[in-house]
Amino acid sequence: MMVGVSDDPPPEESPANTADPTTSSAPPQRLRTLLVLAAVVLGLDLLTKTIAVANLTPGDPVPIIGDFARLSLVRNPGAAFSMATGMTWLLTLVAAAVVVGVVRIGRTLRSLGWAIGLGLVLGGALGNLMDRLFRAPGPLQGHVVDFVAVGWWPVFNVADSAIVCGAILLVVLTVLGFEPNGTRVGHGKPGGASEGSAV
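Parameters and conventions
Numbering of residues begins from 1 in every chain and follows the order in which that chain's sequence is written. It should be noted that, the model being predicted, local features are given only for residues of pLDDT at least 70 and side-chain atom pairs only at 80 or more, the latter also being counted only at that level, while totals for whole chains, interfaces and linings use all residues. Side-chain metrics in this entry use all non-hydrogen atoms of the structure; hydrogen atoms and water are not considered. Labels follow the DSSP assignment, with helices taken as runs of H or I lasting at least four residues and strands as runs of E lasting at least two, numbered in each case from the N terminus. Two residues qualify as a contact provided that any one of their heavy atoms is within 4.5 Å of a heavy atom in the partner residue. Under the convention used here, a 1.4 Å probe and the Shrake-Rupley method define accessible areas, while residue burial counts only the protein chains that appear. Criterion used throughout: strands pair if DSSP finds at least two bridges between them. Axis definition: a line fitted to C-alpha atoms, limited for helices to the stretch in contact. Angles are taken between N-to-C directions and run from 0 to 180 degrees. By the definition adopted for this analysis, an angle is roughly parallel if under 35 degrees, roughly antiparallel if over 145, roughly perpendicular if from 65 to 115, and oblique otherwise. Whether a crossing is left-handed or right-handed is set by the direction in which the near helix is turned from the far one by less than a right angle, anticlockwise for left-handed and clockwise for right-handed. Residues are sorted three ways: Asp, Glu, Lys and Arg are charged, Ala, Val, Leu, Ile, Met, Phe, Trp, Tyr, Cys and Pro are nonpolar, and all the rest, Gly among them, are polar. Each residue after the first adds 1.5 Å to the expected span of a helix. Each residue gets one of three labels from its accessible area relative to the maximum for its type: buried under 20%, exposed over 50%, partly exposed in between, using a 1.4 Å probe on protein chains only. Working definition: the arc comes from the directions between the helix axis and the C-beta atoms, pointing outward to the latter. UniProt positions are given in the numbering used here, feature names are shortened, and annotations may be inferred rather than shown by experiment.

### Some points on the overall build of the protein chain
Link 1 in the chain: The number of helices and strands found in the protein chain is five helices and five strands.
Link 2 in the chain: Looking at the protein chain alone, contacts between residues at least 24 apart form 62% of all its contacts between residues at least 6 apart.
Link 3 in the chain: As displayed, the protein chain offers around 11,700 Å² of accessible surface, 68% of which is attributable to carbon and sulfur atoms.

This is how it looks when you write it as structure tokens:
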């Protein structure tokens, strides 16, 4: 009596048993986190600018905490905190390049910290880019709406704050050795990067 030969592969060769073990342990991709945070920042920036334009008059500040903190509407042709006021068109192109660069990095992003930092930068860059594209005096020359004044600091907006906070976070992560792919330089493996650190 002949025994039938099975066509099924041995257990050790089964596709279910040949999955890459590093795939399941890799940190999840963070592009969605980055985009959601950027959308929230952009929404807050556009909303607060709309309210500021509708309710504030240039040259007539509204005190919040005496003269230290106030709402003061300013049309800013320059960069964050009124820098580079004579280079509006160039700043528009730089902002567009930042948006493209952040989105490209975000496609392979696995670090939550980097996702937060880049999300803040992206949302802020988009917020000010909208002003430069759609506000007077015209496309690529639009003036950014600033309305928050604190002490001696130049007048700023939500987008400016998000860009600065995001940039500071990215610098801190870089100094501490956290990479965008979720690894950390100088810890764990002899090659210099350790797996599984998703900060």
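### Description of the sheet that holds strand S3 (residues 144-150)
Link 1 in the chain: Strand order in the open sheet made by the three strands is S1-S2-S3, with antiparallel pairing throughout. Of all the strands in the sheet, the pair left with one neighbour each is strand S1 (62-65) and S3. Averaged over neighbouring strand pairs, the angle between their axes works out to 35° when direction is ignored.
Link 2 in the chain: Pairing between S1 and strand S2 (residues 69-76): three bridges, direction antiparallel. When the bridges of S2 are listed, isoleucine 65 appears paired with alanine 69.

### Some points on the packing of helix H4 (residues 112-134) against helix H5 (residues 158-175)
Link 1 in the chain: Where H4 meets H5, the axes come as close as 7 Å, and the angle between the chain directions of the two elements is 150°. Comparing their axes, H5 and H4 come out roughly antiparallel. As for the relative orientation of H4 and H5, their crossing is left-handed in sense. Within the contact between the two elements, H4 uses Gly113, Trp114, Ile116, Gly117, Leu118, Leu120, Val121, Gly124, Ala125, Gly127 and Asn128 and H5 uses Ala159, Asp160, Ala162, Ile163, Cys165, Gly166, Ala167, Leu169, Leu170, Leu173 and Thr174.
Link 2 in the chain: Of the residues contributing to the contact of H4 with H5, the split by class is 14 nonpolar, seven polar and one charged.

### A short note on H5
Since one α-helical turn is 3.6 residues long, residues separated by three or four positions face the same way.
Link 1 in the chain: Look at H5: 26 Å from first C-alpha to last across 18 residues, which is about the 26 Å you get at 1.5 Å a residue.
Link 2 in the chain: Ala159, Asp160, Ala162, Gly166, Leu170 and Leu173 are the residues of H5 that are buried. The buried residues of H5 all sit within an arc of 160° when viewed along its axis, so they share a single face.
Link 3 in the chain: For H5, the elements touching its buried residues are helix H2 (31-55), H4 and S3.

### Brief notes about the side chain of asparagine 128
Link 1 in the chain: Tracing the chain through its elements places asparagine 128 in helix H4.
Link 2 in the chain: By relative accessible area, asparagine 128 is classed as buried at 8%.
Link 3 in the chain: Once you skip the residues sitting within four places of it in the chain, asparagine 128 turns out to touch Asp45, Lys49, Val144, Asn157, Ala159, Asp160 and Ile163.

### Describing the UniProt feature "active site" (unreviewed entry) in the protein chain
Link 1 in the chain: Here the UniProt-annotated "active site" (unreviewed entry) positions come out as Asp146 and Asp160.
Link 2 in the chain: Mapped onto the fold, aspartate 146 is located in strand S3.
Link 3 in the chain: Beyond its immediate sequence surroundings of up to four residues, aspartate 146 is in contact with Ser72, Leu73, Val74, Asn76, Val155, Phe156, Asn157 and Asp160.
Link 4 in the chain: The topology assignment puts aspartate 160 in helix H5.

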